[in-house]
Amino acid sequence: MKKRLTPEQYNVCFLKGTEPPFSGKYTYNKVPGTYACVVCGAELFSSDSKFDSKTGWPSFDRPIVNKNIAAEDDYSCGMHRIEVMCANCGSHLGHVFDDGPTETGKRYCINSLALDFKPRAKPDSK
Ligand SMILES: [Zn+2]
């Protein structure tokens with residue numbers, strides 16, 4: 001592990017916890033940039049694919065590259081969901097659902113705690 005995680009981050013990333021809805025720092029983040037895995041730094045989602053799902057978690061309609069995301073059936077909590085993880089380090093990110101509002105039809109529902117946001121460098125304005 002490159003950096004120390006907070007207990008809250010550890011709970012999400014390694015114990016597959018879920019942050020309380022509307023608690024995450026990125027839920028309403030509209031700054032252009034890249035969301036990376038908080039554990040290993042792999043780039044996972046772009047602000048370009050972020051949308052407001054009204055669920056209280058940051059939501060994306062696609063990953064930056066499909067191979068950066070691993071998916072697995074999750075039968076916990078008495079329901080069938082698709083868990084998504086960082087393909088590089090296996091950190092739990094959240095779940096993906098098939099009710100997305102855009103042309104991909106996907107809704108990646110991701111915990112803010114599992115993400116590390118990097119604002120895009122401003123265009124050269126000099
Ligand atoms: Zn990772």
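Reading guide: rules and limits
- Residues numbered from 1 in each chain as written.
- Predicted model: local features only at pLDDT ≥ 70, side-chain atom pairs only at ≥ 80, totals over all residues.
- Heavy atoms only, no water.
- Patch = residues over 30% accessible without salt bridge, like charges linked within 9 Å, V, L, I, M, F, W, Y side chains within 5 Å.
- Areas by Shrake-Rupley, 256 points an atom, 1.4 Å probe, with all protein chains shown as cover.
- Salt bridge = Lys/Arg side-chain N within 4 Å of Asp/Glu carboxyl O.
- Helix = DSSP H or I, 4+ residues; strand = E, 2+ residues; numbered from the N terminus.
- Buried < 20%, exposed > 50% of the residue type's maximum accessible area, 1.4 Å probe, protein only.
- Pairing = 2+ DSSP bridges.
- Polar contact = N/O pair within 3.5 Å; in protein donor to acceptor, adjacent residues only side chain to side chain.
- Contact = heavy atoms within 4.5 Å.
- Donors = N, O, S within 2.8 Å, 3.2 Å for Na, K, Ca; no water.

What follows is about a nonpolar patch on the surface. A cluster of nonpolar side chains, namely Y10, F14 and L15, defines an oily patch on the protein surface of about 290 Å² accessible area. Considering the arrangement of structural elements, one finds L15 in the loop between α1 (7–13) and β1 (33–37). For L15, a relative accessible area of 54% gives the class exposed.

As paired elements, strand β5 (residues 69–74) and strand β6 (residues 81–86) share 6 bridges and run antiparallel to each other. In the strand pairing of β6, A71 is matched with V84. Linking β5 back to β6 in an antiparallel pair, the connection comprises 6 residues, with C77 at a positive phi of about 60 degrees.

On the secondary structure map, S47 appears in the loop between β2 (43–46) and β3 (50–51). One polar contact links the side chain of S47 to the main-chain amide nitrogen of G33, over a distance of 2.9 Å. When residues no more than four places from it in sequence are discounted, the contact partners of S47 are V31, P32, G33, Y35 and R120.

Let us look at the coordination of the zinc ion. C37 (SG), C40 (SG), C86 (SG) and C89 (SG) make up the full set of protein donors to the zinc ion, lying at 2.3 Å. When the donor residues of the zinc ion are listed from N- to C-terminus, their spacing reads C-x2-C-x45-C-x2-C. With a gap of 46 residues between them, C40 in the loop between β1 and β2 and C86 in strand β6 connect regions that are remote in the sequence. C86 matches C40 in its accessibility class, with the two residues each being buried.

The subject of this paragraph is the sheet that holds β3. If you walk across this open sheet you meet the 6 strands as β3-β4-β8-β7-β6-β5, and the pairing is antiparallel. The sheet terminates laterally at β3 and β5, the two strands that pair on one side only. Pairing of β6 with strand β7 (residues 92–97), which is carried by 4 bridges, proceeds in the antiparallel orientation. Considered in β7, the bridge of V84 is made with G94.

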